[in-house]
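# Observations on the three-dimensional arrangement
The primary structure of each chain is shown beneath.
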There are 2 protein chains.
Amino acid sequence: MSSRDSSWVPGAEGSGFDIDHLPYGVVVIDGAPTPVVRIGAHVLDLRRCHDEGLLDGAGWARAADLGGLLAAGPSVWAATRDRLGDLLAADATPRPPADALRPLADLPAPLLPFTVGDYVDFYSSLHHATNVGRIFRPDGEPLLPNWRHLPVGYHGRAGTVVVSGTPVTRPSGQRRPQDDGPVPVGPSTALDIELEVGFVVGGPPTALGDPVPTSAAAERIFGVVLLNDWSARDIQAWEYVPLGPFLGKSFATSISPWVTPLAALDAARVPPPPQDPPVAAYLQAPGEWALDLSLEVALSPADTDAEEVVSRVSFADMYWTMPQQLAHATSNGATIRPGDLFGSGTVSGPERGTEGSLLELTVGGQEPLHVAGVQRTYLEDGDTVVLRGHCAGRGGGRLVLGEVSGQVLPAR
Amino acid sequence: MSSRDSSWVPGAEGSGFDIDHLPYGVVVIDGAPTPVVRIGAHVLDLRRCHDEGLLDGAGWARAADLGGLLAAGPSVWAATRDRLGDLLAADATPRPPADALRPLADLPAPLLPFTVGDYVDFYSSLHHATNVGRIFRPDGEPLLPNWRHLPVGYHGRAGTVVVSGTPVTRPSGQRRPQDDGPVPVGPSTALDIELEVGFVVGGPPTALGDPVPTSAAAERIFGVVLLNDWSARDIQAWEYVPLGPFLGKSFATSISPWVTPLAALDAARVPPPPQDPPVAAYLQAPGEWALDLSLEVALSPADTDAEEVVSRVSFADMYWTMPQQLAHATSNGATIRPGDLFGSGTVSGPERGTEGSLLELTVGGQEPLHVAGVQRTYLEDGDTVVLRGHCAGRGGGRLVLGEVSGQVLPAR
C-alpha cells in the first residue's frame, strides 16, 4: 500500500477512523477548546500543528470551534485534508510534534464541533413519510400531495443542538385532551428518537436573494454527522396545527462530535433512487448524491448494561438528496451561513425493523418492542439511545461515523 | 419639569425619541459598527462614552453590535439606562464629548442591531387567527382546538432577519397545481406582509432542561422592535403540510433598527384581555403585560411618491402576552440565548381596516384595496411597505417605535 493508505498513528488501521476518514471535532486540550482531527483513538491538535508551522494559513485552527474552517470554504478544506494526510501518513516527514497527538481516552468528552447557524430538518425518507402517514391518516393517502414535488422541511431550534453524550431531560408540555376534558400538562409520555443524518455547510455567507443551485452543492457541503432528532410525540400531536412541530422537537437535537468530511465519503456515493414524477429544474441534481451509509439504532434500557439494536437501515435510498435539500432551502433567496445544519429527516426503510423512530417501530405505540428483556413503546427515564453508522472507505476499508448517544433524564 | 424629563440634545423633545425612550441600535461611525442610543434625530456613540470613562464597566460598548449588552442582563440594562438618562438630561454634568453625538442624517443607515440567535414566530392575535381560519377553512371552526390553550408558534429562519430598509427580492417557488396539472414554479404571485411586534431576550444563556417561568420575563425581555414577517402566500399554501411554513417565510423578516427597552414602555403597559378557558399554571402571568401600542401599515405603490395607511390596529388586545410566549417556548426545557427573537404573530383587530396582512385586508385576495390611486391585492414589484408604531411615553409624551420599511425588488 502507498504511504497515504496507512498512518504512523498506532491503532488507526481498521478502527473506522483511519487515514482515509479524518473527521474534524473540538476537544478541550490544556483547558482550551481546540480544533482537532480524529485518527484511530487519538486526535491531532490542529492548533498546535498551526503554531508549529505545519498548517499554512490555518488561522481557523486558533478558533474555539470549527466555525473558521467552515467559513474558509472548499479550497481550504481540500488543501487541509491533503496536508493532514501528509502529516499522518506512514512515511510522514516531518511528523507533528509528539504532544500534538493525544489519546482520546485522556481527554474530556468532545464539545459541540461548531455553532449551529440555522437548523433545518427535512422529511426526505419516502418510507418514513409513508409510515407516518399511515399511522396518522389511516383512511387517506399516506403521502401528502406536495411530498414528491419538494423536500418538505421546517426550521428547528439551533440553540438546542447538543453534542453526543449530553443527557436529555424528559420534556413536559401539553397533550391533546380526551373528548371535552381538560388539557393534560406534564412530562411527555411518548418520548421518541429520530435517526437522521445531517450535513453542515460552509464557505462565505450567500447574499439575500441568491439561491444555491444543486451544482454548487459540492463546494458548500463540508461534511456529515449523525443526528438524533429527539421528539415528544404527544406534545407534537397537540401543538403542530397549523404551524408545524415546535416544543415537541425543540428540547434537544443531538449530533456526532465528529464531522466526516464529504471528501471522505467518495466510496459511499451511489446514485439516488429514481424520482417520479420528475422534479422541477431547480431540483435536478445529477450524479451520485445518495450515500450508502449503514445506520442503526441501539437501545440500552434503564437499569441494564445490555444494549440491543432495534433498527438497521441504509441511508442510500433517501428520496431527496443533499443538493436538492440545499437548493430547495435557498430557492426563495434565503441565505446560508457557515454552520447552517440540515437534517435528513428520519431514515426508515420499507421493512419491519428498518424504521428510524419508535413511533414507526411500535406502530404508533401499538406493538411494543422487546429489548434486552424488557418491553418498550416509547423511552423510559434512564434509557440510553445510541445511533451508529458506517460505510465503505477508500480502498475497501470501513469508515465509522461519529456515534450519537444520549440518556433520558427524568422530567424536572 | 425635572432635569430627567428633558434633554440638552436639540430637537429631542416631542420627536418620539426623547429622553424617556432611548432605544438602542448600531450604526457605522468612523468605519466601525458602533452601539449607540438614539435621542431625537441624533445618536450617542456609546463606545466613545465608554472610552471616555462615562459608562462604567460597559465593555459591551466595544462590541460590533448589541450582543454584549443583551448578554449583560437586567442589572446592567437598568444601570446603563439610568446613566444614559444622566448623560443626556438637560442639566447633565458632565456632558459627553461633543463628537460623541452624531446627527443620524450624517451617518449611513443603521445596521441590524443584534445577531439573532433563534427566531420564533407566534400566532397570538385572536382576530388574526380567526380571520385566517375563516379564509382557509370557511366551513369549519375558525380557531383550531389548541389555539386558546397555548401560544401556537414555530421557528423561523434567524439568518434572514434583516434590518429595516433592506430591499426584499420577490421569492420564487412552487405553487399548488390546478387539479392534476403540473406544479407551477416561478415568482410568487401572492407576496404579503405581516405586521408584528418582536421582543429580544438577554441575560446569561439558560441551561438545557430549565424553563423560564412567566415570573422571570421582566429580567429576560430586553426590548421590542417592530417586525415585518414577509410571506409568500402561494408558496406557503403548497408547502406547509404537515411541518408548517418554510420557504413561504424564510426569504426575509425585517425588524426595526431601534430596540425600544422594555423599561421605556411602562406607560404603555395595560392588562391583557381575559383568557377563556383559563390557561395552564405555567402560562399564568399576572400583571400589566399587554402593550398599548398603536400600529399601522403604510403602503407606497411602485412608481408613486404617495403613501397610504392601509391598516391601523392596537397591540393591546393580543391574546397571548410576552411572558406567556417565553414561558411556553421554554416549557419543554429548551434553552434561550441572548439575541433570541420572538415575534408576536400578525397583529389584527376585529374590524375591517385593522388587519395586519394583505391576506386579511383583501379577504384572501377577493377584495382588492385601493391605495394611492391604484388597486392592490398582494404586493407588486417596486411597492414599499412601512410599519410604524407609537405609544404613550412617561409624562404623557409620545414614544415612537423604530419603523420598519422595505421595498419589493423583482424576482431574479
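Residues numbered from 1 in each chain as written. Chains lettered and ligands numbered in written order. Predicted model: local features only at pLDDT ≥ 70, side-chain atom pairs only at ≥ 80, totals over all residues. Heavy atoms only, no water.

This next bit is on the relation of the copies chain A and chain B. Expressed as a screw operation, the relation of chain A to chain B combines 0.0 Å of axial shift with a rotation of 180 degrees, fitting to an RMSD of 0.0 Å. Look at the turn and shift together and you get a two-fold axis relating the two. Proximity to the rotation axis, assessed at the C-alpha, singles out Gly244 of chain A in chain A; its C-alpha lies 2.0 Å from the axis. Of the interface residues in chain A, 100% have counterparts in chain B that sit at the interface too, so the contact is made through matching surfaces. (Least-squares fit on C-alpha atoms with pLDDT ≥ 70 in both. Contact = heavy atoms within 4.5 Å.)

A few words now on the pairing of strand E12 (residues 195-201) of chain B. Residue and element names in this part refer to chain B. Within E12, seven of the seven residues are buried, which leaves the element mostly enclosed by the surrounding structure. Two strands pair when backbone bridges link them, and E12 and strand E13 (residues 221-228) are joined in this way by seven bridges, in the antiparallel orientation. If you follow Leu195 over to E13, its bridge partner there is Asn228. In this structure, E12 lies alongside strand E21 (residues 341-343), joined through three bridges in antiparallel fashion. Paired with Phe199 across the strands is Phe342, a residue of E21. (Buried < 20%, exposed > 50% of the residue type's maximum accessible area, 1.4 Å probe, protein only. Helix = DSSP H or I, 4+ residues; strand = E, 2+ residues; numbered from the N terminus. Pairing = 2+ DSSP bridges.)

Within the largest apolar cluster, 148 residues are counted, with the highest numbers of intra-cluster contacts made by Leu293 and Leu295 of chain A together with Leu293 and Leu295 of chain B. With residues near it in sequence (within four places) discarded, Leu295 of chain A still touches Leu195, Val197, Leu226, Ser311, Arg312, Val313, Phe315, Val347, Arg388, Gly389 and Leu401 of chain A. (Core = buried A, V, L, I, M, F, W, Y, C linked by side-chain atoms within 4.5 Å.)

The tally for this structure, following the rule as stated, stands at 40 salt bridges over all chains. One salt bridge in this structure joins Asp51 of chain A and Arg62 of chain A, with 2.5 Å as the shortest N-O distance. With Asp51 of chain A in helix H1 (residues 46-51) and Arg62 of chain A in the loop between H1 and helix H2 (67-72), this residue pair connects regions lying 11 residues apart in the sequence. Overall, Asp51 of chain A belongs to the partly exposed group, its relative accessible area being 45%. With a closest N to O distance of 3.1 Å, Glu307 of chain B and Arg388 of chain B form a salt bridge. (Salt bridge = Lys/Arg side-chain N within 4 Å of Asp/Glu carboxyl O.)

All right, on to the sheet that holds strand E2 (residues 32-39) of chain B then. Residues and elements named next belong to chain B. In spatial order, the strands read E1-E2-E3-E4; together these four strands make up an open sheet with antiparallel pairing. The open sheet has two edge strands with one neighbour each: strand E1 (24-29) and strand E4 (101-103). Averaged over neighbouring strand pairs, the angle between their axes works out to 45 degrees when direction is ignored. When E2 meets strand E3 (residues 42-45), the two strands line up antiparallel, connected through four bridges. Along E3, the bridge assignment pairs Ile39 with His42. (Axes fitted to C-alpha atoms, helices over the stretch in contact; angles between N-to-C directions.)

Attention now goes to the packing of aromatic side chains. Under the criterion given, the structure shown has 14 aromatic pairs over all chains. Measuring from centroid to centroid gives 6.1 Å for Phe246 of chain A and Phe122 of chain B, while their planes differ by 85 degrees, and the two rings are edge-to-face. Remark: Phe122 of chain B occurs in strand E5 (residues 119-122) and Phe246 of chain A occurs in the loop between helix H6 (233-239) and strand E15 (253-255); the pair is interchain, linking two chains. A relative accessible area of 2% means that Phe122 of chain B is categorised as buried. Summarising the aromatic geometry, the rings of Phe199 of chain B and Phe342 of chain B are spaced 5.0 Å apart at their centres and angled 15 degrees between planes, so their arrangement reads as stacked. Of this pair, Phe199 of chain B sits in strand E12 while Phe342 of chain B sits in strand E21; the two residues are 143 residues apart in sequence, bridging distant segments of the chain. Judged by relative accessible area, which is 1%, Phe199 of chain B ranks as buried. Grouping aromatic residues by their ring pairs yields a cluster made of Phe122, Phe199 and Phe342 of chain A together with Phe246 of chain B. Positioned above the aromatic ring of Phe17 of chain A is the side chain of Arg38 of chain A, whose terminal nitrogen or guanidinium carbon lies 3.6 Å from the ring centre. Above the face of the Trp289 of chain A ring, Arg269 of chain A is positioned so that its terminal group lies 4.0 Å from the ring centre. (Phe/Tyr/Trp six-rings, centres within 6.5 Å; stacked < 30°, edge-to-face > 60°. Lys NZ or Arg CZ within 6 Å of the ring centre and 35° of its normal.)

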